[in-house]
Number of protein chains: 2
Amino acid sequence: MSGIRTASTTGHRRAVRIAESAQAAEGVITLARFHDWFADRRRGDVSRVERKPLVELDRWSTDPATGDIRHDSGRFFTVTGLSAEVAGAAVPAWTQPILLQPEIGILGILAKEIDGVLHFLMQAKNEPGNPDGVEISPTVQATRSNYMRVHQGDPVPYLDYFRDTRRHHVVADVLQSEQGAWFFRKRNRNIIVETTDEVEPLEGFVWLTLGQLHRLLAGDTVVNMDARTVLSCLPFSGVGLSSSYPFHNQEFRQSVLRSYSEEFAGLHDIGDILSWITETRSRHEVLAHRVPLREAELWHRNDETIEHESGLFFRVIGVSVESGHREVARWNQPLLEPIGIGINAFLVKRVDGVLHALVHAGVQPGYLDVLELGPTVRCTPGNYGWLPEAARPPFLDDVLTAPPERIRFASLLSEEGGRFYNARNRYMIIETDADHTPDPGPDYRWLTLHQLVGLLRHSHYVGVEARSLVACLHSLASRPG
Amino acid sequence: MSGIRTASTTGHRRAVRIAESAQAAEGVITLARFHDWFADRRRGDVSRVERKPLVELDRWSTDPATGDIRHDSGRFFTVTGLSAEVAGAAVPAWTQPILLQPEIGILGILAKEIDGVLHFLMQAKNEPGNPDGVEISPTVQATRSNYMRVHQGDPVPYLDYFRDTRRHHVVADVLQSEQGAWFFRKRNRNIIVETTDEVEPLEGFVWLTLGQLHRLLAGDTVVNMDARTVLSCLPFSGVGLSSSYPFHNQEFRQSVLRSYSEEFAGLHDIGDILSWITETRSRHEVLAHRVPLREAELWHRNDETIEHESGLFFRVIGVSVESGHREVARWNQPLLEPIGIGINAFLVKRVDGVLHALVHAGVQPGYLDVLELGPTVRCTPGNYGWLPEAARPPFLDDVLTAPPERIRFASLLSEEGGRFYNARNRYMIIETDADHTPDPGPDYRWLTLHQLVGLLRHSHYVGVEARSLVACLHSLASRPG
């Protein structure tokens, strides 16, 4: 029977190559050289971003009937309103402004084996909302409007690798959601394609190993959100890895490798986890639908901005942008500016030497399918002055009072700078004792990395904040510890 | 490391037990006795269903602002309007009535090993829209309104097995969509739970093996839609099966067993299939949203019904129901009555002795995530007089002109009789030559059963019509051929 061929050989070989890249601390360029290059890009690719009243934005208008703010072309995105009802929640009903972008964009990373090690083609890219200018981005980061050339800018480099994958090897390809508190049902295609073509990096692009990317993740505002979410979809797997890499006296690092491996069972098997997700989705009654922006109650609008009456959560602002390095050199746009710095943290623990992360099945009104798995703690502490006490998230104190030696990862990372202005969250991975919260309640579960990697092959399971944390968890396999 | 335990042993053992049940042509009762019992139920459990004008339905009212038809309790379902735009489709924009039922109900089958063979507890249940009265249904088939006791009827028997699964073994548990042409984003929880409790079948319930259910599927309007969709979610798997069951001179049956097995590769690996689904979802631009029912253009409403001006597609009717065997003995409700009998057909072929089914990534406006995999052909031939020629589905002629020896399965099965009146489709599985359409176009792919079974662990992949066909495909492993 010529049909007999096991897919697992290919899968295993791919997992080994990903693991090898993760252990490669240097690649075709050294990290030291990268840092010089990156500093150069930050100095050279500077945008002038100035606040501009919403009513004065060129090519953006307010619909007189609804108050929605949209681009004259009808593309890009719209600032509209959302009405949400979440039965039994601390705040059971509210309205808010939300970004609507029904187009599915592409976030693509091109991979290639160079000198026997997988490298990833990354771009140093500036976005108007970035807090510190240029960040490390995917090879391609393009809305449909971008790549259909709605604004008649330059063509998007390397786009064809992702639009026609037939000649290449697709490593991952999945629609993933973005912030369910700020976007209405937004998804992007997260795709990693490996090629054997000769690919010369254009100006502003660089080949990095996964080990190098993992080190860069530890720096504040270096690796952008789009790169993190695509990296989280890598099919990491660990069968045999913990014996291939017997990092002596590095028990934590070993526990990360074991956590990737199907050989090591988790506290729950995957069937039970899928059943738990089904049950939580059935239990939470969520009704969310678009309303005209002018129906967002408690949100006040003037010529300049839209703000909540408490001054909390976020505001919608306008900016004018001038850039020498973008397809279009000048434009205006609205941006969502969060108030305060948020926290996205995983509690993790070792169970029988296998790392588990505590995920929260978190309802967000902008999700397509009720809820997605999020960090153990996802919040902006500043908002809790206004919100009811019951809204204060469980486990926040575990994060805020963690002793330094338990903080396995902490860095201040930005969110998508094309839509959010100066949006930063502190991403943290905090290790707790093995006997910490064996029964964390109906909306939480301890998962292994292998289980998260499996869920990430599909849409609607792991939210963008948890995906960033998964990329950070990957990085802990690359570092002594 | 005490964490070491492979989940695959449990998985394999479960697959073997499912396969054994599928090969068991008789169970605790014989099929002959079942048929006597079923005929008795059909005779004894008769509802009086009479058409009644929509405006006269007790406890259902028309919202004066929107024209939507809803129950006075606010529960059950609402007849509302849908506006759909599908860029590039033969009909690129339309409006229509649609059923809205945001609650997630439970479709649950209880399983138990009896005399060493897995049995499934099935219910003989009547619904007002059923064409021939009682059909074989899941153990529990309950809307949230049902099981929250909104209409104060009797409690739902066996419900606790599905509401609290902790003491039992969950075999499958997943939210699955229903008809995307008739329902707006409707999903039900499809769940199979195995218990070791002693369970006495109540009146109207019966324990059947999978082999028996498979034989019943071949009969017209015996196994209802809810039972079929739950059965399609069974984790069938075939590793080692084709050697355990070496059905001599039954090459077709062998090809079904091989198709369940990860040992036998398909034409595409699962990564390529997931990537294809991602790509098709990105390519199709679909905008669908609720509108007031009175904005459904070309649909005419009078006191009696709502109908399309062509007289095609479906009409919305009212019925009064009188039943001796239901929680509530009399009620009124609207039902959707399709015009004409539809066809849901899979083309299948053997590739290197492994059965593949040709699935269609089909857009429906009521899907939550753009499209789901459907039959090769899903249509009501009668509608094509009115629709443009380009809307005529590919492969329809392969189905309509198939020679009898190529028809591996054909039966006339009903759709959910609680919402649809006399809705019947001819379900067919047609075998084609191995060289049939190697390149079936961008929206079609040849999949193995193993791949379909894997996708069925998750939501949003396989639509209800294809799920019925998957249950029918399962049945071909139980029958000589």
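Above this text is the structure in question.
Residues numbered from 1 in each chain as written. Chains lettered and ligands numbered in written order. Predicted model: local features only at pLDDT ≥ 70, side-chain atom pairs only at ≥ 80, totals over all residues. Heavy atoms only, no water.

A. The arrangement of the pairing of strand β17 (residues 314-322) of chain B in detail. All names here are of chain B. Here strand β1 (residues 48-51) pairs with β17 via 4 bridges, running antiparallel. By the bridge assignment for β17, R48 is matched with E322. Examined bridge by bridge, strand β16 (residues 306-308) and β17 share 2 bridges and lie antiparallel to one another. Within β17, the position partnered with I306 by the bridge is V316. From the end of β16 to the start of β17, which pair antiparallel, there are 5 residues, and G311 there has a positive phi angle of about 80°. With 9 bridges joining them, β17 and strand β18 (residues 330-338) adopt antiparallel strand pairing. Pairing of V321 across the sheet is with W331, part of β18. (Pairing = 2+ DSSP bridges. Helix = DSSP H or I, 4+ residues; strand = E, 2+ residues; numbered from the N terminus.)

B. Local environment of empty space enclosed by the protein. Following the criterion strictly, the structure yields 6 cavities of 30 Å³ or more and no others. As for the largest cavity, its lining consists of 18 residues, and the residues nearest its centre are R281 and Y461 of chain A together with H458, S459 and H460 of chain B. Residue assignment for the lining of the largest cavity shows that the elements contributing at least two residues are α9 (270-283) of chain A together with β10 (169-177) of chain B. Here the residues of the lining of the largest cavity are counted per class, giving 6 nonpolar, 7 polar and 5 charged. D173, V174, L175, R457, H458 and S459 of chain A together with L274, I277, T278, R281 and Y461 of chain B together form the lining of the second largest cavity. Examining the composition of the lining of the second largest cavity, we find that 4 residues originate from one element, helix α9 (residues 270-283) of chain B, more than from any other. (1 Å grid on protein atoms, 1.4 Å probe; cavity = no way out; pocket = protein on both sides within 12 Å on 5 of 7 lines; lining within 4 Å. Points joined across faces, edges and corners; volume = space filled by probe spheres on them. Nonpolar A, V, L, I, M, F, W, Y, C, P; charged D, E, K, R; others polar.)

C. Summary view of α9 of chain A. Residue and element names in this part refer to chain A. With 14 residues, α9 extends 20 Å from end C-alpha to end C-alpha; this agrees with the ideal 20 Å at 1.5 Å per step. Where α9 is concerned, the buried positions are I273, L274, S275, W276, I277, T278, T280, R281 and S282. With a side-chain oxygen lying 3.0 Å from the backbone nitrogen of G271, the N-terminal cap of α9 falls on D269. (Expected span 1.5 Å × (residues − 1). Buried < 20%, exposed > 50% of the residue type's maximum accessible area, 1.4 Å probe, protein only. Polar contact = N/O pair within 3.5 Å; in protein donor to acceptor, adjacent residues only side chain to side chain.)

D. Expanded view of unusual backbone geometry. One non-glycine residue with positive phi stands out, namely F395 of chain A, at about 75°. Within the fold, F395 of chain A resides in the loop between β22 (377-379) and α10 (396-400). The backbone of R185 of chain B shows a phi angle near 60°, a positive value even though the residue is not glycine. Positionally, R185 of chain B belongs in the loop between β11 (183-184) and β12 (187-194). By relative accessible area, which is 22% here, R185 of chain B ends up partly exposed.

E. Looking closely at the packing of aromatic side chains. Evaluation of the coordinates by the stated rule reveals 18 aromatic pairs over all chains. When the ring of F395 of chain B is compared with that of Y444 of chain B, the centres are 5.1 Å apart and the planes differ by 75°; the resulting orientation is edge-to-face. Taken as a pair, F395 of chain B in the loop between β22 (377-379) and α10 (396-400) and Y444 of chain B in strand β25 (residues 444-448) lie far apart in primary sequence, 49 residues in all. Three or more aromatic residues joined by ring pairs make a cluster, and in this case those are F34, W37 and F38 of chain A. Looking at K186 of chain A, its charged tip hangs above the ring of F183 of chain A, at a distance of 3.9 Å from the centre. Between the NZ or CZ atom of R408 of chain A and the centre of the ring of F252 of chain A, over which it lies, the distance is 3.9 Å. (Phe/Tyr/Trp six-rings, centres within 6.5 Å; stacked < 30°, edge-to-face > 60°. Lys NZ or Arg CZ within 6 Å of the ring centre and 35° of its normal.)

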